Amino acid sequence: MGFFDGLKKFLSGLGKSKFEKITKDDINKMKVRLAEQDKELNDLFEEKLNAIDAFMEKGRNEASQQRKMIYAQRIKFLREEVNSIMQRIMFTMYNASLVEKLALKVDENSFFNSSISMNDLLADSKGLALFLNNALGTRLKAEEILTNADDAFKQIEDSYEPNEKLYGIGKDTEDILASFDAGKDDLDPVADKKKDSEAQG
């Protein structure tokens, strides 16, 4: 079974809405097969033309009339084959152009079907309003949970009082800090004795 017979059978098996059931994958398979067929035909076309050129060259250089007749006959048959191949190439090219058009329509159909589906969905205004209200309620509930948790953190932290024995600053420490600010060392007993001895001397 040839490619186009297979394609015809494939399309006929799709039922009444056969074109509506064609997918991008189906289109791509058609394109690949047509591209392969086009390459095969063009390779064969070039092969036959090269053969004609070769026999033409032989005929021009051949002295034997019998060989020239054989070359002429082969060229005649090759030209018939070339004409047939050319027709198949043109037929394949035409099919490829139609597949491209079909691909465009499949894409358009898919696009507008998806848009229509969305329009149908958005047309349900009551359902949309309910959905949006539920979404807003979900958001507000989540935000309330977070703010309540934040308030709980602050409440516990505000009620905490540091342990004075561990973290408090005693009088001695405060006096030393004050002497730093005044530039004095009066609270240093060693410094006091040194000053007294200097005064007595």
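Rules used in this analysis
Residues numbered from 1 in each chain as written. Predicted model: local features only at pLDDT ≥ 70, side-chain atom pairs only at ≥ 80, totals over all residues. Heavy atoms only, no water. Helix = DSSP H or I, 4+ residues; strand = E, 2+ residues; numbered from the N terminus. Buried < 20%, exposed > 50% of the residue type's maximum accessible area, 1.4 Å probe, protein only. Polar contact = N/O pair within 3.5 Å; in protein donor to acceptor, adjacent residues only side chain to side chain. Core = buried A, V, L, I, M, F, W, Y, C linked by side-chain atoms within 4.5 Å. Contact = heavy atoms within 4.5 Å. Phe/Tyr/Trp six-rings, centres within 6.5 Å; stacked < 30°, edge-to-face > 60°.

1. Here we look at the side chain of Thr 92
Here Thr 92 is to be found in helix α3 (residues 65-122). The exposure class of Thr 92 is buried, given its relative accessible area of 3%. A distance of 2.8 Å separates the side chain of Thr 92 from the backbone oxygen of Arg 88, its partner in a polar contact.

2. A short note on the environment of Gln 37
Turning to its location among the elements, Gln 37 is positioned in helix α2 (residues 24-61). Residues Gln 37 and Thr 92, 55 residues apart in the sequence, show an inter-C-alpha distance of 7.6 Å.

3. A closer look at the nonpolar core
In terms of nonpolar packing, the biggest core is built from 10 residues, these being Leu 41, Phe 45, Ile 52, Phe 55, Tyr 71, Ile 75, Leu 78, Val 82, Ile 85 and Ile 89. Elements represented by at least two residues in this core include exactly α2 and α3. At six residues, α3 tops the list of elements feeding residues into this core. Leave out the neighbours within four places in its chain, and Ile 85 touches Leu 41, Leu 44, Phe 45 and Lys 48. In this structure, Ile 22, Ile 27, Met 30 and Ala 103 belong to the second largest nonpolar core, which totals seven residues.

4. Examining the packing of aromatic side chains
Within this structure, the stated rule accounts for one aromatic pair. Summarising the aromatic geometry, the rings of Phe 55 and Tyr 71 are spaced 5.8 Å apart at their centres and angled 35° between planes, so their arrangement reads as tilted. Highlighted residues: Phe 55 in helix α2 and Tyr 71 in helix α3, separated in sequence by 16 residues. Each member of the pair Phe 55 and Tyr 71 is classed as buried.

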